[in-house]
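Fold and contact review
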Amino acid sequence: MVWISSRWKIVVMVGPALILFSVFVVYPVVYSMGFSLTKFQGFGTPEFIGFKNYLALADDPFFWQSLQNTIIILVVSIVLLVPLSFGLALLLRRKIPGGAGMRALVFGPAIIAPILIGLIWVFILDPKIGLINRLLAGIGIPPVQWIGGDILTPYAVSAVFIWSSIGFAMTIFYAGLQVLPEDVMEASSLDGATGWQQLRYVTVPMMRETFAIVAILLITNVFKIFELVYMLTGGGPVHRSDTLVSYMYFVTFTNQQYGSGMAIAVIVTVLSAIVSIGYLVLSRERKIA
Amino acid sequence: MQHSSSKSSLARRIAVGLVTASTIVALAGCATAGSGTASGPTEITLSMQNPDVKTADPATWAIVQAFEKANPDITVTVSGEAVAEHLQKLSIAAQSDTLPDIFWVYKSTAVDMQKAGKLLDLAPVLDELGLTDKFPASTVSNFSTDKVIFGVPYQGLLTGLWYNKKVLADNGLDVPVTFDDLINVAKTLSAKGITTISNGANQSSFSVWSFLVDLDRFGYQDKIQGILAGTEKYNNADFLRLYQHIAELRDAGAFASNVSTQTYQQAVDQFTGGNAAMLDAGVWASSAIQDAGIDAGFWAGPQFSDGVGDQKIVMNVASAPFAVAAKVGDNAAKLAAVKKFIAFYYSDEAQQLLVDNGQPPVTTYAPQVDATKQGALKAALDTATAPGVTSPETQPDLIVSTAVASAMYDSIYGVIQAQLTPQAALELVQKAFDAQ
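**Here we look at the overall build of chain B**
For chain B, the count of helices and strands is 19 helices and 12 strands. Taken along the three principal axes of its C-alpha coordinates, chain B extends 100 × 55 × 50 Å. Here chain B holds 436 residues, and the buried ones make up 54% of them. The contacts of chain B with a sequence gap of at least 6 include a subset with a gap of at least 24, amounting to 75%. When the accessible surface of chain B is totalled, it reaches about 17,600 Å², and 55% of it is carbon and sulfur. Within chain B, one finds 28 positive and 43 negative side-chain charges whose respective centroids are separated by 8 Å.

**Some details on the interface of chain A and chain B**
How big an interface is tends to be reported as the loss of accessible area on association of its parts. Contacts between chain A and chain B engage 35 residues on the former and 33 residues on the latter. Overall, the association of chain A and chain B removes approximately 2,700 Å² of surface from exposure, summing both partners, and the carbon and sulfur fraction of that is 46%. Seen at the junction of chain A and chain B, the total is 0 salt bridges. Breaking the side of chain A that touches chain B down by element, the ones donating at least two residues are helix 3 (61-93), helix 11 (227-232) and helix 12 (244-254) of chain A. The leading source of residues in the side of chain A that touches chain B is helix 12 of chain A, at 4 residues.

**Quick look at the environment of Ala350 of chain B**
Residue and element names in this part refer to chain B. Secondary-structure assignment places Ala350 in helix 16 (residues 348-356). Exposure remark for Ala350: the relative accessible area of 0% places this residue in the buried category. It is 30 Å that separates the C-alpha atoms of Ala350 and Phe271, two residues lying 79 residues apart in sequence. When near neighbours in sequence (up to four residues on either side) are disregarded, Ala350 contacts Ile63, Phe344 and Tyr345.

**Considering the pattern of salt bridges**
Residue and element names in this part refer to chain B. Counting across every chain of the model gives 14 salt bridges over all chains. Taking the shortest distance from any N to any O, the salt bridge between Asp348 and Lys134 comes out at 3.7 Å. Separated by 214 residues along the polypeptide, Asp348 in helix 16 and Lys134 in the loop between helix 6 (123-129) and helix 7 (137-142) bring together distant segments of the chain. Residue class for Lys134 comes out partly exposed when judged on its relative accessible area of 24%. One salt bridge in this structure joins Asp214 and Arg217, with 2.9 Å as the shortest N-O distance. The buried category is assigned to Asp214, whose relative accessible area is 4%.

Cut-off values and rules
Residues numbered from 1 in each chain as written. Chains lettered and ligands numbered in written order. Predicted model: local features only at pLDDT ≥ 70, side-chain atom pairs only at ≥ 80, totals over all residues. Heavy atoms only, no water. Helix = DSSP H or I, 4+ residues; strand = E, 2+ residues; numbered from the N terminus. Buried < 20%, exposed > 50% of the residue type's maximum accessible area, 1.4 Å probe, protein only. Contact = heavy atoms within 4.5 Å. Areas by Shrake-Rupley, 256 points an atom, 1.4 Å probe, with all protein chains shown as cover. Lys, Arg positive; Asp, Glu negative; His and termini not counted. Charge placed at Lys NZ, Arg CZ, Asp CG, Glu CD. Buried area = accessible area lost by both parts, 1.4 Å probe. Salt bridge = Lys/Arg side-chain N within 4 Å of Asp/Glu carboxyl O.

And the structure:
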C-alpha cells in the first residue's frame, strides 16, 4: 500500500493545480489590482497614482448607476430565479408525458450564446419594433419603454437573464432531487407527511447544499452580465442601463482608461466574493441552527 | 531484448531527426514570412476598425486589391474588428511591440502612441514621395506634432444630414435652411408620425455627426484651445444655446422613439426604407442610399440665428488617420513596401477608386463622378464645394481624448433621449475635460 499523506506527495499532487490557478486566476487578479493604482491607456509606462481611480469612481454617477443596476438584477434574479427553477425541477421530476422533451426545452436557452439571446430579445422588447409593444398596441395599450428607458431596463435585463438561466438552474435542482434518498422520502410519507410538509421539512433541508451551489453560480453569473446589456441597449441611454461589467468595458476599451477600468474590475471581483461568501456563511449558520 | 533496444534507439533517432528537420523548415519559414526576401513577396499588415473590410469598407478593399495587382511582390494582409475591439487590440499590440504595419487609429490615440515612440515619423516618407503638397494643409497640420507627421488620412469625413426628397415633398415641406425651418419640419412630420432625423445610439453613441458640425456653428474651433488649456469652459453660454436647441428638436418630435435601442445600421435602414426624412451620417452612407433607390439630397445642417461666427459650414475634413508602426522603419524591405502602399493610396488612381466606392478623395484630386450612378455622392460633394462654404480643420471629437469624445457623444444623446438637461450635458463634458 502506498500512503499519499506525506507532505511532499501532497505538494506534488496539488502543485499542478496550484500553478495553473496561480497563473490563470491569481496572477491576473493581482495584475489588475496593480493597474488599478495607475493611470494607464494600454501602452507606454503606467503612472502610479495611488487610489485616485477609486476616488474618481466614488464621484462617478455612471459607476453608481451601473452598481445600482447590477444590484437590481442580482436581487430580482435571486428572488425569482431560485424558487422558479426549483419549482420547475419539482414539476418536471414528476412522470408526465413529454417530461424529457420539456426538460430539454427549458434547458434550451442555456445553450444559446448570450449575445444571441440579447439579439433575440431586442426584437421582443424594443419599444418601437418589439413584439410585446406590437401586441399591446393591438389591444389599445400605449407602448412601454421596456428597454432604453431609465426605469424598466434593469428589470428587463433581469427577465432576460432569468429566461436564459432558468434551465441551467433547474437542471442542477433536478439532479439534486434525483439523488435524494428514497427511503427518507418514503419514511416521511409513511409518517403521514403531506406533500407540502414533505417539501418544507424534508426535501428543501436536504437540498440546502444544492441551493447554495445554484445561488453562488447565479450570483457570479449576474456579476458577469455583459452581452445582454451590450445587445439590448449598449448600456444606454447615457449609461442608464449599464451593469458593472458593461461599464467596465466602456471605461477600459472605449475610453481607453485601463487604470479606471481595472479599478472597476477589482470592485466587481471583491463584491462578487463578498456576496458569495456572505451567502455561504448565512446558509451554514442556518444549517447549524 | 537487445534487438528490441536497438530498434527503439533507431526509432528515437529517426524521430529526433524528423523533429529537427521540421523545426529548421519552420524557422526558415518564420524568417521569410513577413520580412520579405528575394525568394517571396513582402507582406505588410493593414488593420482596420471594421470586422468585414471587404463588405463594409469596399473603398479600402478596392485600393488594396488594385495595389496588390500593381505590386505582385507585395501582399497586404487585411484584418479588422469593430472599433472598441480594434482599439483594444492595438493597445495590447503597442504594449507588446507587435503593432500591425499600417493601422487605423483615433487621432488622440495616435498622438499618445507617437509620444510613446510606437509610430513611424511619416514626414520624411511623405517628402520623399512628394505627397505633402497633395494633402490640404489642414490635413497635414492636423496629423502633426511639432515636425513629426504621425498619420495620413484614411478617408474623408464629409458629414451632415441626408434628406429624402420624396418624404419632404409628400408633406409639403422644403429643404430647411435655418434651425427654425428644421423645427417646423420636425413638428409637421412628428404630427404625422414620421421621424425627422434618424439616428441610433445603441452600440454607436458616436453617431451624432450633424450635431458635431453644429458645435462649430457655436464657435467650437475658436474655443477648444482655451478649453483644453483650462482658460475656457465647455459649459459656456454659446454651447448651452446649442444644447437647448437640441432639446427643442427633441420636444418637436424630431427623433425616433427607439433612438436609444436602435443601432446606427438600423437608423440607416429606417432612412433607406423611407421611414425617416433625414439621416444623420456622412458621405460613407451614399452607396447604401444609392442602392436603396432613394432620391436623396445632402444638407450641411441648419444655420442658427443665435450661432457664433460663420454658419455656412460643412464638415469636410480628414477622418481618423492611418498610422505606421515604428518597427517598420527597422526593416528595409517592409519600409519600402509600406512606402509603395502609401504612394499608391494617394495616387489619382486610388483616389478615383475611393470615389467609385462612395468616398470623397482625401487629396486635392478632382474626381470623376457619374451623376447617374452616384447621385447621392455627387449631392454630398456638391454641398462640400458650394460657393461660400467653408470647412473647419477637423471634427470636434477628433481633437480631444477618447474619454472626452465619449462624454461629448453622451451629452448629445443624453439631451436627445431626455436623460440630461442641456446644462447637465455640458457639465458632463466639462467634467471629462477636467479629469484630463
